[in-house]
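Take a look at the letters that make up each chain.
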Amino acid sequence: MGVVNVTPDSFSDGGKWFVADAAVSRGLELAALGADIIDVGGESTRPGAARISAAEELRRVGPVITELAAAGLTVSVDTMRAAVAETALGAGAKLVNDVSGGLADPAMYGLVAVAGVPYVVMHWRGHSSSMQERARYGDVVQEVCDELRRRVDAAVGEGVDPSLIVLDAGIGFAKAAEHNWALLASLPEIARLGGGGAPFPVLVGASRKSFIGRLLAAADGTPRSFASSDDATVALTALAAAAGAWCVRVHAVPGNADAVRVAAQWRAAGAG
Ligand code: PMM
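Residues numbered from 1 in each chain as written. Predicted model: local features only at pLDDT ≥ 70, side-chain atom pairs only at ≥ 80, totals over all residues. Heavy atoms only, no water.

*Asks:* Is there a simple way to think about the overall build of the protein chain in this case?
*Replies:* When you go through the protein chain residue by residue, the secondary structure sums to 10 helices and 8 strands. Its C-alpha atoms give the protein chain a radius of gyration of 17 Å, near enough to 19 Å, the size a compact globule of 272 residues would have. The principal-axis extents of the C-alpha atoms in the protein chain amount to approximately 45 × 40 × 40 Å. Relative to its 272 residues, the protein chain shows a buried fraction of 51%. Here the analysis covers contacts within the protein chain between residues at least 6 apart in sequence; of these, 64% occur between residues at least 24 apart. As displayed, the protein chain has an accessible area near 11400 Å², and 56% of this comes from carbon and sulfur atoms. Within the protein chain, the 29 negative side-chain charges are centred at a point lying 2 Å from the centre of the 23 positive side-chain charges. (Helix = DSSP H or I, 4+ residues; strand = E, 2+ residues; numbered from the N terminus. Rg over C-alpha atoms; globule rule 2.2 N^0.38 Å. Buried < 20%, exposed > 50% of the residue type's maximum accessible area, 1.4 Å probe, protein only. Contact = heavy atoms within 4.5 Å. Areas by Shrake-Rupley, 256 points an atom, 1.4 Å probe, with all protein chains shown as cover. Lys, Arg positive; Asp, Glu negative; His and termini not counted. Charge placed at Lys NZ, Arg CZ, Asp CG, Glu CD.)

*Asks:* Even after reading the chapter, I still don't get the environment of proline 118, so can you show me in this structure?
*Replies:* In this structure, proline 118 sits in the loop between helix 4 (108-115) and strand 5 (119-122). Classification of proline 118 by relative accessible area gives partly exposed; the value is 26%. Along the chain, proline 118 and glycine 221 lie 103 residues apart, while their C-alpha atoms are 41 Å from each other. Each residue touching proline 118, except ones within four places of it in the same chain, is listed here: Lys94, Leu95, Val96 and Leu164.

*Asks:* Help me out: how do you make sense of the pairing of strand 5 in this one?
*Replies:* Along a regular strand, successive side chains alternate from one face of the sheet to the other. A two-sided burial pattern is seen for strand 5, the buried positions comprising Tyr119 and Val121 on one face and Val120 and Met122 on the other. Relative to strand 5, strand 4 (residues 95-98) runs parallel, the two being bridged by 3 bridges. If you follow aspartate 98 over to strand 5, its bridge partner there is valine 121. Tracing the backbone out of strand 4, into helix 4 and back to the parallel element strand 5 gives a crossover that is right-handed. The handedness of the strand 5 to strand 6 (residues 165-168) crossover, carried by helix 5 (residues 140-157), is right-handed. (Pairing = 2+ DSSP bridges. Right-handed = clockwise from strand over helix to strand, strands pointing away.)

*Asks:* Just checking my understanding: could you explain the site of the ligand for this structure?
*Replies:* Around the ligand sit 18 residues, and of these Asn5, Asp78, Asn97, Asp168 and Lys209 come closest. Between the ligand and aspartate 78, the relevant distance is 2.8 Å, taken from a nitrogen atom to a side-chain nitrogen or oxygen of the residue. For the ligand, an oxygen atom lies 3.0 Å from a polar atom in the side chain of histidine 251. When the free accessible area of the ligand is taken as 420 Å², the share hidden by the protein chains comes to 99%. Listed by contribution, the elements that provide at least two residues to the shell around the ligand are strand 1 (2-5) and strand 5. Its residues assigned to classes, the shell around the ligand comprises 7 nonpolar, 7 polar and 4 charged. (Near = heavy atom within 4 Å. Polar contact = N/O pair within 3.5 Å; in protein donor to acceptor, adjacent residues only side chain to side chain. Nonpolar A, V, L, I, M, F, W, Y, C, P; charged D, E, K, R; others polar.)

*Asks:* What exactly am I supposed to notice about the nonpolar core here?
*Replies:* Looking at soluble globular proteins, one finds that nonpolar side chains tend to be buried together. Core analysis: the biggest nonpolar cluster contains 71 residues, and Val40, Val96 and Val204 have the highest contact counts within it. Per element, the largest residue contribution to this core is 7 residues, and it comes from helix 5. Ignoring anything within four residues of it in the chain, the contact list for valine 96 reads Val77, Ala85, Leu89, Met108, Val112, Val117, Pro118, Tyr119 and Val120. Core analysis: the second largest hydrophobic core is formed by 7 residues, Leu95, Val120, Leu203 and Cys247 among them. (Core = buried A, V, L, I, M, F, W, Y, C linked by side-chain atoms within 4.5 Å.)

*Asks:* Help me understand helix 6 (residues 177-184), please; the structure alone is not making it clear to me.
*Replies:* Since there are 3.6 residues in each turn of an α-helix, residues three or four apart along the chain are aligned in direction. Among the residues of helix 6, those classed as buried are Ala177, His179, Asn180, Leu183 and Leu184. One side of helix 6 holds all its buried residues, which, seen down the axis, span an arc of 160°. In this fold, the buried residues of helix 6 make contact with helix 5, helix 7 (187-191), strand 7 (203-204), helix 8 (210-215) and helix 9 (230-242). (Arc of directions from axis to C-beta.)

*Asks:* Even after reading the chapter, I still don't get the pattern of salt bridges, so can you show me in this structure?
*Replies:* Any two side chains of opposite charge can pair if their charged atoms end up close together. On inspection of all chains with the given rule, the structure shows 12 salt bridges. Here glutamate 57 ties to arginine 81 by a salt bridge, and the two come within 2.7 Å at their closest N and O atoms. Note that glutamate 57 is positioned in helix 2 (residues 54-70) and arginine 81 in the loop between strand 3 (75-78) and helix 3 (82-90), a separation of 24 residues in sequence. The residue arginine 249 makes a salt bridge to aspartate 78 at a minimum N-O spacing of 3.3 Å. Remark: aspartate 78 occurs in strand 3 and arginine 249 occurs in the loop between strand 8 (247-248) and helix 10 (253-271); sequence separation between them is 171 residues. (Salt bridge = Lys/Arg side-chain N within 4 Å of Asp/Glu carboxyl O.)

Right, here's the structure in full:
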């Protein structure tokens, strides 16, 4: 999954694709480079970010989704708002990626249930303005699994088809670095929500996040820049895909697409 943030201020690529034409070109480029899905978002979720209106969100993503879908790409909409998701699906999006897992908008599950599209349920504890205060866990893997289970049960209770649910541990969302690493090392457990049932597909969104920059910090403690952490993102992609991740959400596609193919071969050889 290649990321197109139509925002002035995202984590890692803020501002670059804020103009619709640039965003469309970027989406086409990411698809040509090997992304199977293009994830288009209009609302920044960087820590501390303030919300924008639904009208502004739609103004940003609507034309981009329309054009990318018309070009034949598989588009997902990265939104917490049912109204934005509904318009995006009408414009040709095929998947809803909800970083709030349905918590931000009570109308989301009903919309997804009727639309019958794949739905990414991400672990989330509140809006970006205050999320890092909520990065408190005893056993982070268990708590994330329990909280995701509650979201899945609520979604299914409102008619969402469980076979269309994709889980995401929400790397960087109300998480400190140690929480991110613990969750990444527990993808098979997260897929089964800490229990023994059938696994859900899992999406991993670790690309260019600040815990990678901190791991790779210079000797004086200066974190590695976002754009210079792409090799490390590729390493994470290989590990996540080898652990069974269904999808990785990334900003730079080529190395990650290669890593996914290597991991698929690795798994196939092991299974044989
Ligand atoms: N991260 C961001 C935005 N959307 N969606 C999912 N499912 N998972 C994520 O981890 C995720 C997301 C924020 O990252 P960016 O601003 O660097 O794109």
